[in-house]
Amino acid sequence: MRSSNPVFTRRGFSRDGGYAGFNAGPQPQTGNPYAGSPANPYAPQPGNPYAPQPQVGPDGGYAPVTPTRPGVMTIDSVVSRTAITLGTVVAAAAVAWVADLPLGLGIVFALVAMGLGLWQSFKREPSPPLILAYAVTEGLFLGAISSAINAAAPGAAMQAVIGTMAVFAGVLFMYKQRIIRVTARFTQFVLAAALGFVLLSAVNLIVLMIGGGNGLGLRDGMLGVAFGVIGIILGACFLALDFKMVEDGIAYGAPEKESWLAAFGLTLTLVWIYLEFLRLIAILQGD
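Residues numbered from 1 in each chain as written. Predicted model: local features only at pLDDT ≥ 70, side-chain atom pairs only at ≥ 80, totals over all residues. Heavy atoms only, no water.

### Digging into the pattern of salt bridges
- Per the stated rule, a full pass over the model turns up five salt bridges.
- As a salt-bridge pair, Asp-248 and Lys-244 come within 3.5 Å of each other at their nearest N and O atoms. In this pair, Asp-248 and Lys-244 both sit in helix α7 (residues 221–252), four residues apart, roughly one turn of the helix.
- Taking relative accessible area as the criterion, Asp-248 reaches 0% and is therefore assigned buried.
- Here Arg-279 makes a salt bridge to Glu-276, at a shortest N to O gap of 3.1 Å. With Arg-279 and Glu-276 both in helix α8 (residues 258–286), this residue pair falls three residues apart, about one helical turn.
- The class for Arg-279 is partly exposed, based on a relative accessible area of 31%.
- Overall, the relative accessible area of 5% leaves Glu-276 in the buried class. (Salt bridge = Lys/Arg side-chain N within 4 Å of Asp/Glu carboxyl O. Helix = DSSP H or I, 4+ residues; strand = E, 2+ residues; numbered from the N terminus. Buried < 20%, exposed > 50% of the residue type's maximum accessible area, 1.4 Å probe, protein only.)

### Some remarks on the packing of aromatic side chains
- Scanning all chains against the criterion turns up six aromatic pairs.
- Note on Phe-197 and Trp-272: the rings are 5.6 Å apart at their centroids and 40° apart in plane angle, and the pair reads as tilted. Taken together, the residues Phe-197 in helix α6 (residues 184–211) and Trp-272 in helix α8 connect sequence positions 75 residues apart.
- For the pair Phe-238 and Trp-272, a centre-to-centre distance of 5.1 Å together with 75° between the ring planes defines the contact as edge-to-face. Residue Phe-238 is located in helix α7, and its partner Trp-272 is located in helix α8; the two are separated by 34 residues in the primary sequence.
- Accessibility expressed as a relative area gives 22% for Trp-272, which makes it partly exposed.
- Among the aromatic residues, ring-to-ring pairing joins Phe-197, Phe-227, Phe-238 and Trp-272 into one connected group.
- One Lys or Arg, Arg-178, reaches over the ring of Tyr-175 and ends 4.9 Å from the middle of that ring. (Phe/Tyr/Trp six-rings, centres within 6.5 Å; stacked < 30°, edge-to-face > 60°. Lys NZ or Arg CZ within 6 Å of the ring centre and 35° of its normal.)

### Concerning helix α5 (residues 156–176)
- With 21 residues, α5 ought to run about 30 Å at 1.5 Å a step, and its terminal C-alpha atoms sit 30 Å apart, in line with that.
- Buried residues of α5: Ala-156, Ala-157, Ala-160, Gly-163, Thr-164, Val-167, Val-171 and Tyr-175, and no others. Buried residues along α5 cover an arc of 120° about the axis, so they all sit on one side. Opposite its buried face, α5 presents the exposed residues Met-158, Ile-162, Met-165, Phe-173 and Lys-176, each directed more than 90 degrees away.
- A positive backbone phi angle near 60° is found at Arg-178, which sits one or two residues after α5. (Expected span 1.5 Å × (residues − 1). Arc of directions from axis to C-beta.)

### Some points on unusual backbone geometry
- Within the chain, Asp-100 stands out as a residue other than glycine whose phi angle is a positive 55°.
- The topology assignment puts Asp-100 in the loop between α2 (75–98) and α3 (103–121).
- Here Arg-178, not a glycine, exhibits a phi torsion of approximately 60°, which is positive.
- Within the secondary structure layout, Arg-178 lies in the loop between α5 and α6.

### What to know about the packing of α7 against α8
- Across the interface, α7 lies against α8 with an axial gap of 9 Å and an inter-helix angle of 165°. Put simply, α7 runs roughly antiparallel to α8. Crossing of α7 against α8: the hand is left-handed.
- Residue composition of the contact of α7 with α8, by class: 19 nonpolar, seven polar and two charged. (Axes fitted to C-alpha atoms, helices over the stretch in contact; angles between N-to-C directions. Parallel < 35°, antiparallel > 145°, perpendicular 65-115°, else oblique. Left-handed = near helix turned anticlockwise from the far one by under 90°. Nonpolar A, V, L, I, M, F, W, Y, C, P; charged D, E, K, R; others polar.)

### Topic: the packing of α2 against helix α4 (residues 128–152)
- Put simply, α2 and α4 touch, their axes get as near as 7 Å, and they point 40° apart. As the angle between them shows, α2 and α4 are arranged oblique. Relative to α4, α2 is oriented so that their crossing is right-handed. Packed against α2, whose contacting residues are Ile-84, Thr-85, Thr-88, Val-89, Ala-92, Ala-93, Ala-96 and Trp-97, the element α4 presents Ile-131, Leu-132, Ala-135, Val-136, Gly-139, Leu-140, Leu-142, Gly-143, Ala-144, Ser-146, Ser-147 and Asn-150 at the interface.
- Classifying every residue of the contact of α2 with α4 gives 13 nonpolar, seven polar and no charged. (Contact = heavy atoms within 4.5 Å.)

### Observations concerning the environment of Ala-94
- By the element assignment, Ala-94 lies in helix α2.
- Under the relative-accessibility criterion, Ala-94 is labelled partly exposed at 39%.
- Sequence separation of Ala-94 and Ser-147 is 53 residues, and the distance between their C-alpha atoms is 9.7 Å.

Now the structure itself:
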């Protein structure tokens, strides 16, 4: 299955559902009773480009191979790269906040961050300098918009940070406890809902630019509150998909450099959730 984040959709680390490019199907039975068994860590996985290739033994089965290799993605590498990327976002946001960066300039940085994010999303390989450049420009935008909204709705920025952390912790707990199960149907539903959400937001923006006012009314009043809640729920679903991609990437022994891609994808999702919280709090305090 594929992630909601475009940076993960081309990697497809998933081990089930048949959606991923690296999906490993069952192996044919040979003289080895364990060949092809999902519980056999030594069976070859032709759908997984990162799997070590075992040798065929004299009995027609598979000879054991070392299940782990150096230089592969681990949970530690993902955590460290994510900490660096998010830390850069937070540091840049703090600079923009302290410097009282004008909102107009912040929007320019947002457009630059969007361009850098799309560039990385369509690259075949993760680029740490590009990812960190995205983190800096995104952070400057977040600092500018957070300062502007916090001036109109005092405490909104801190509440949005707390809300984002709570969603992250809650989704991580439910995912680890398998309360949330990422299946093919779950993925299809989230992607369809996300597409509808983005398209509706685009239409609202176009109507706002052409006719003025509040567009379709999706960003204020009770309709705006409902739309913001849906955005946060979608962000939580994205997190579950991202956790699944990271878990499968580690299980498949993806190269360590893919940890940067995981960090980038998680950062995109957390920024989404933060912005939706910020907008929702501003609406609630403005009513």
